[in-house]
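Chain residues, written in single-letter form:
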Amino acid sequence: MAMKFEKKSGGGYLLDICGYVCPHPQIYTKQALGKIKEGDHLEVVFDNPSSSESISQMCEQRGDEIIEKKREGGKFTFIIEKG
Amino acid sequence: MEEKRNAICAFIVAGLLILISLLYYRTNTYYIYLVVYIWFGVAYGLLLQYGRFCFASAFRDLFAIGVPRMIVGIITAMTVFSLVTALLTANKMGTFHPGPLGIHEVIGGFIFGIGMVLAGGCASGTLYKSGEGNGTSMLALLGIIFSQAILVNTSLFDKFLTGYAFKLPTITLAKTKIISDMFPGSAKYFVGNFLINTVIPSILLILVVYFFWFRKGFMKRRLKKKKGGKTLGDDFAGLWGLMAASKRTSIAGLLIGIVSGLHVWTMKGMQIKFGASNFGYLLTRMGHVADVSSRGTVFDPGYWYITTQEAQVGAWVLEKFGFNMRHNIFFGVMNGVPELWRNPALWMSIGIIAGSMMMALLNKEFAIKIPRGELIVWGLLGGIGMGIGARVALGCNIGAFFIRIAGGDPGGWLFGIGMVLGSYVSVKFFNWWTARKMATEMEAF
């Protein structure tokens, strides 16, 4: 288990925080959003159910837009456009 | 296919609990008392998992990422429960007992707050997350179990109880002279315990959260859409927006408040039916005298509670390894060390894990997650912190905070202040920790 934050080859960023539990996914997501520019896309992949609710509300309050939410099994993928 | 498999597993868990309930009922009618605890535990577990309802996230998410959803959920649950408790107390159907009022509640809350953020879940959150298969929470649970059992078995803890805690006053606002003189009869419970101790501080808390964390972002979004400047109406809309930001959490809060009230009512009904104010007396009637304390009692709160029964599990295990766990006040005089299958409050905890597991299975959120690396350290350390904090404060986020505030005990707010401060310290630590790791990752950019 290791946190991965990288630039994607096709543009945008990937933050993979699978295996982490609260509060790590939401704190890493906030930190990653703080590192990228307005309009950039951040793909967040995590598997901690409680974090989905917190990350969604955080984005709404910050003015970031979640443009895609996917769920496969226990894995969540959010694509966030920084506002 | 996965959905069907999960549904079958959820039915198996429910089936097992039904079977256990029937076996208890068949063995002795008194065991219906345990069955009631099991099924209220299940209800709590279902709701906690549905609402992702964890007290740890209340101030942690507020401080760490500016999200207040859980504070709203907790306030909703507490207010509803307080109203039901006032109603039950007015009708002599309450089971609530206030705790000793003192600075230990702030100190215990502080240690507990540090622990719950490190572990990623509060005492009740640790149970429901264990039900989801979260291994870090299972480690935290171990930490809570054994840190408490070891701490209360020391002479230092006996001195803390006899030399300090037992000398402190225990109050509810309804029983204070000023409130009972001004509002005689049943009104004192609604004014003192519900209105003054729960509703007014809750409204103030919501206003603080709104003005310091929520308003700025809300107004920015709202003013983008509408013409003209800010009006008072915008603030009302903002407050409503705060309350309704996470419907799932708010609905869970509402239902938890109702279930907690029904739980108290049902337990009191059981006590009246069997003519015993504590399950220990029923255990004695059945001949299980080794289970009970020197007073003939076992831990039987009569409402939602988490940590003391976990300490009893630790004592039970340590006894099997030859330790004497009864030469102390906590187990020997107050709570006893019943066999696990005859421990009433423990069945509530098992019910919470089972209820959460069922909900997680049905939501396709159940997965065994084995903790690795740093999570092992955070889980264990956090659990130990929560265990120690809960014993110092004589309760956890449920017994020392939620239940006490709703019951009219101002000491619940003291625990809350400590818990907030502890959460803040842990969030600061995690912010530093994660920023350090992010910086390392970004070296590759």
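Residues numbered from 1 in each chain as written. Chains lettered and ligands numbered in written order. Predicted model: local features only at pLDDT ≥ 70, side-chain atom pairs only at ≥ 80, totals over all residues. Heavy atoms only, no water.

## Topic: helix α1 (residues 2–27) of chain B
All names here are of chain B. The end-to-end C-alpha distance of α1, which contains 26 residues, comes to 38 Å, matching closely the 38 Å that a straight helix rising 1.5 Å per residue would cover. All of the buried residues along α1 are N6, A10, V13, A14, L17, S21 and Y24. On its buried face, α1 is in contact with α2 (32–50) and α16 (344–362). (Helix = DSSP H or I, 4+ residues; strand = E, 2+ residues; numbered from the N terminus. Expected span 1.5 Å × (residues − 1). Buried < 20%, exposed > 50% of the residue type's maximum accessible area, 1.4 Å probe, protein only. Contact = heavy atoms within 4.5 Å.)

## What about the interface of chain A and chain B?
Chain A puts 35 residues into the contact, and the matching count from chain B is 42 residues. Here chain A and chain B share an interface that buries about 3400 Å² over both sides, 58% of which is from carbon and sulfur atoms. Of all residues in chain A, E53, Q57 and Q61 of chain A bury the most surface against chain B, accounting for 18% of the area lost on that side. The residue R52 of chain B makes a salt bridge to E53 of chain A at a minimum N-O spacing of 3.4 Å. At the junction of chain A with chain B, the criterion picks out 16 residue pairs in polar contact (both at pLDDT 80 or more). Every element with two or more residues in the side of chain A that touches chain B is listed here: β1 (4–7), α1 (24–35) and α2 (49–62) of chain A. With nine residues, α2 of chain A is the largest single contributor of residues to the side of chain A that touches chain B. Its residues assigned to classes, the side of chain A that touches chain B shows 14 nonpolar, 12 polar and nine charged. (Buried area = accessible area lost by both parts, 1.4 Å probe. Salt bridge = Lys/Arg side-chain N within 4 Å of Asp/Glu carboxyl O. Polar contact = N/O pair within 3.5 Å; in protein donor to acceptor, adjacent residues only side chain to side chain. Nonpolar A, V, L, I, M, F, W, Y, C, P; charged D, E, K, R; others polar.)

## Quick word on α2 of chain A
Residues and elements named next belong to chain A. Along its 14 residues, α2 runs 21 Å from first to last C-alpha, staying within 8% of the 20 Å computed at 1.5 Å per residue. Judged by how many residues are buried, α2 sits mostly within the fold: 12 of 14 residues are covered. Every buried residue belonging to α2 is among P49, S50, S51, S52, E53, S54, I55, S56, Q57, M58, C59 and Q61, and all of these are buried. Note on α2: the residue one or two positions beyond its end, G63, has a positive phi of about 90°.

Don't take any of this as a statement about function, it's just geometry.
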